[in-house]
Amino acid sequence: MAFTLRDYSPSDIETLYAIDQVCYPRGIAYSRRMLRWYLSQPGALCVVAQAKGDAEPAIVGFLIADHRGQEGYIVTIDVLEAHRRSGIGTALLQETERRLAEMGVRYVGLQTATNNEAGVAFWQRHGYRSSGVTRGYYLGRIDAYEMLKELDQRGRPATA
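Notes on the structure follow. Not measured: the values here are computed from a predicted model.

About the criteria used
Residues numbered from 1 in each chain as written. Predicted model: local features only at pLDDT ≥ 70, side-chain atom pairs only at ≥ 80, totals over all residues. Heavy atoms only, no water. Helix = DSSP H or I, 4+ residues; strand = E, 2+ residues; numbered from the N terminus. Buried < 20%, exposed > 50% of the residue type's maximum accessible area, 1.4 Å probe, protein only. Contact = heavy atoms within 4.5 Å. Areas by Shrake-Rupley, 256 points an atom, 1.4 Å probe, with all protein chains shown as cover. Lys, Arg positive; Asp, Glu negative; His and termini not counted. Charge placed at Lys NZ, Arg CZ, Asp CG, Glu CD. Core = buried A, V, L, I, M, F, W, Y, C linked by side-chain atoms within 4.5 Å. Salt bridge = Lys/Arg side-chain N within 4 Å of Asp/Glu carboxyl O. Arc of directions from axis to C-beta.

Some thoughts on the overall build of the chain
The helix and strand tally for the chain stands at four helices and seven strands. From first element to last, N terminus to C terminus, the chain shows the α and β order β-α-α-β-β-β-α-β-α-β-β. Principal-axis analysis of the C-alpha atoms places the extent of the chain at approximately 45 × 35 × 30 Å. When the 160 residues of the chain are sorted by exposure, 45% land in the buried category. Within the chain, counting contacts between residues at least 6 apart in sequence, those at least 24 apart form 60% of the total. Summed over its atoms, the accessible surface of the chain is roughly 8,800 Å², and 48% of this surface lies on carbon and sulfur atoms. Each charge class in the chain was averaged separately, 19 positive and 18 negative side chains, and the resulting centres sit 2 Å apart.

This is the structure:
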């Protein structure tokens with residue numbers, strides 16, 4: 001599937017909210033208020049994936065990140081199920097890491113549920129490594145891996 005990446009626009013909020021609601025279970029998906037809050041933070045960054053070729057291109061995924069100084073954080077990555085395994089998540093992540101590196105970010109962290117095998121594999125494939133487990137992170141009962149990746153200044157994994 002052909003797609004393009006672009007910056008988030010405030011007019012996207014309802015679509016991003018709807019996508020997040022179908023990508024994550026109730027209680028884990030963000031409320032409109034929380035999405036707006038994350039997007040309004042001084043270090044917020046949101047990259048949107050849009051299907052190409054449609055008369056009115058549809059948003060099929062997005063990634064929200066935040067950063068302060070040398071530390072970045074992946075808030076969420078959402079890709080509609082019908083468009084998964086087509087390179088959209090990888091493109092969103094690579095573009096976000098590139099932009100974060102340009103802003104001076106050296107380390108990017110995130111949490112992902114320990115029972116989300118596809119998610120854990122995705123992050124590991126992209127150079128993220130577990131640095132620990134937070135018990136009951138999701139809904140007070142689902143554990144999360146704390147994952148971390150070091151970037152070089154081009155947004156690629158730093159060499160050891």
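A few points about the nonpolar core
In terms of nonpolar packing, the biggest core is built from 23 residues, with Ile74, Leu92, Trp123 and Tyr128 touching the most fellow members. Secondary-structure elements contributing two or more residues to this core are strand E2 (45–51), strand E3 (59–68), strand E4 (71–79), helix H3 (88–102), strand E5 (107–113) and helix H4 (117–125). Examining the composition of this core, we find that five residues originate from one element, H3, more than from any other. Setting aside residues up to four positions removed in sequence, Ile74 forms contacts with Leu63, Ile64, Ala65, Leu93, Thr96, Val108, Gly109, Leu110, Trp123 and Tyr128. Counting residues in each nonpolar core, the second largest holds 15 residues, with Tyr30, Leu39, Ile59 and Val75 among its members.

Overview of the pattern of salt bridges
One pass over the full model with this rule turns up eleven salt bridges. Asp12 serves as the salt-bridge partner of Arg6, at 2.8 Å between the closest nitrogen and oxygen. Using a relative accessible area of 24% as the deciding quantity, one classes Arg6 as partly exposed. One salt bridge connects Arg98 with Glu102, and the closest N-O pair in it is separated by 2.6 Å.

Quick notes on H4
Residues of H4 that are buried include every one of Gly119, Val120, Phe122 and Trp123, and no others. Around the axis of H4, the buried residues are gathered within 160 degrees of arc, so they sit on the same side. Pointing more than 90 degrees away from the buried face of H4 are the exposed residues Glu117 and Arg125. Summarising the contacts, the buried residues of H4 are in contact with E4, H3, E5 and strand E7 (142–150). Phi turns positive one or two residues past the end of H4, at Gly127, with a value near 90 degrees.

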